[in-house]
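# Structural features, examined
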Amino acid sequence: MPIKYFFLVSRQGKLRMAKWYTTTSNKQKQSTIKQITNLVLTRKPAKQCNFIEHNDTKVVYRKYASLYFISGIGLDDNELVMLEVIHRYVEVLDRFFGNVCELDLIFNFQKAYFALDEMVMAGEVQESSKKVVLRCLTQQDEREAVENAERGWGDVNLEGVARTALLSVQELKQAFTR
């Protein structure tokens, strides 16, 4: 089952991740994303199925929390298998991040791409085992930590960065209200 593309869109229509498995121009990619996002976001979830035919592609999507996981496959391909691939990908992300949310994918997009790359290669499903994919993700994280330690970078403290940014904003407000 060749997959043509796989992308994630928020319910506000913001593209969070896109992976293309076919050669397509940037203009065509943007057009396809816009058209399919509009089609998917305007559908009523309780009354319509998760499959749409669009041009020469069958669009398969599923909503999890505030994200739509969307994939394009051939018209003759099995949409139920693609739904299972989407679900397996979400399960892997959920296990890795511990109840994955949109912010996890925004701040750790490289890990989301890596997980997808471990599962799908050249548009074909290569690995369906959650354990194998999670083991690869964990090994990659460990290797990244070792390399960062060797460079002296250490871990980035996002909570500290956010707290500092918040304090800076509060200080600016106080300065302007004086």
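Above this text you will find the structure in question.
Described below are features of the structure shown in this document. (Residues numbered from 1 in each chain as written. Predicted model: local features only at pLDDT ≥ 70, side-chain atom pairs only at ≥ 80, totals over all residues. Heavy atoms only, no water.)

### Notes on the overall build of the protein chain
Looking only at helices and strands, the protein chain features six helices and seven strands. Counting helices and strands in the order they occur from the N terminus, the protein chain gives β-β-α-β-β-β-α-α-α-β-β-α-α. Out of the 178 residues in the protein chain, the part that is buried amounts to 34%. Roughly 11300 Å² of accessible area belongs to the protein chain as shown, and the carbon and sulfur atoms make up 52% of that amount. (Helix = DSSP H or I, 4+ residues; strand = E, 2+ residues; numbered from the N terminus. Buried < 20%, exposed > 50% of the residue type's maximum accessible area, 1.4 Å probe, protein only. Areas by Shrake-Rupley, 256 points an atom, 1.4 Å probe, with all protein chains shown as cover.)

### Some words on the packing of helix α4 (residues 109-119) against helix α5 (residues 130-151)
Where α4 meets α5, the axes come as close as 10 Å, and the angle between the chain directions of the two elements is 135°. With respect to α5, the axis of α4 lies oblique. Both α4 and α5 take part in a crossing whose hand is right-handed. In this structure, α4 uses K111, F114, A115, E118 and M119 to contact α5, whose residues at the interface are V133, C136, L137, Q140, D141 and E144. Each residue belonging to the contact of α4 with α5 can be placed in one class, and the counts come to six nonpolar, one polar and four charged. (Axes fitted to C-alpha atoms, helices over the stretch in contact; angles between N-to-C directions. Parallel < 35°, antiparallel > 145°, perpendicular 65-115°, else oblique. Left-handed = near helix turned anticlockwise from the far one by under 90°. Contact = heavy atoms within 4.5 Å. Nonpolar A, V, L, I, M, F, W, Y, C, P; charged D, E, K, R; others polar.)

### Some details on the sheet that holds strand β4 (residues 57-64)
Spatial ordering of the open sheet is given by β2-β1-β5-β4-β3, a layout of five strands whose pairing is antiparallel. Across the chains shown, the open sheet's two edge strands, defined by having one partner strand only, are β2 (15-20) and β3 (51-54). When strand polarity is set aside, the average angle formed by the axes of neighbouring strands in this sheet is 20°. Bridging between β4 and strand β5 (residues 67-74) involves eight bridges; their strand directions are antiparallel. (Pairing = 2+ DSSP bridges.)

### Here we look at α4
Among all positions of α4, only K111, A112, A115, L116 and M119 are buried. Buried residues of α4, viewed axially, fall in a sector of 140°; they line one side. (Arc of directions from axis to C-beta.)

### A short note on the packing of aromatic side chains
The full count for this structure, using the stated rule, is eight aromatic pairs. Ring geometry for F96 and F97: centres 5.2 Å apart, planes at 80°, overall edge-to-face. Using a relative accessible area of 17% as the deciding quantity, one classes F97 as buried. (Phe/Tyr/Trp six-rings, centres within 6.5 Å; stacked < 30°, edge-to-face > 60°.)

### Looking at the packing of helix α2 (residues 79-97) against α4
Where α2 contacts α4, the axes come no closer than 11 Å and their chain directions differ by 135°. With respect to each other, α2 and α4 are oriented oblique. For the pair α2 and α4, the sense of crossing is right-handed. Contact with α2, carried on its side by V85, R88, Y89, V92, L93, F96 and F97, involves K111, A112, Y113, A115, L116 and M119 of α4 and no other residues of that element. Taken together, the residues of the contact of α2 with α4 break down into eleven nonpolar, no polar and two charged.

### Quick notes on the pairing of strand β1 (residues 3-10)
The element β1 is largely enclosed, with a buried count of eight among its eight residues. Pairing analysis gives seven bridges linking β1 to β5, with the strands arranged antiparallel. From the neighbouring strand, F7 faces β5, where its bridge partner is I70. Alignment of β1 against β2, held across five bridges, turns out to be antiparallel.

### Some points on the nonpolar core
Counting 29 residues, the largest nonpolar core has F6, F69, M82, Y89, L93 and L105 as the members making the most contacts within it. Elements with a contribution of two residues or more to this core: β1, β4, β5, α2, α4 and α5. The element contributing the most residues to this core is α2, with nine residues. If sequence neighbours within four positions are ignored, L93 has contacts with F69, G98, V100, L105, A112 and A115. Within the second largest apolar cluster, twelve residues are counted, among which are W20, I33, V40 and I52. (Core = buried A, V, L, I, M, F, W, Y, C linked by side-chain atoms within 4.5 Å.)

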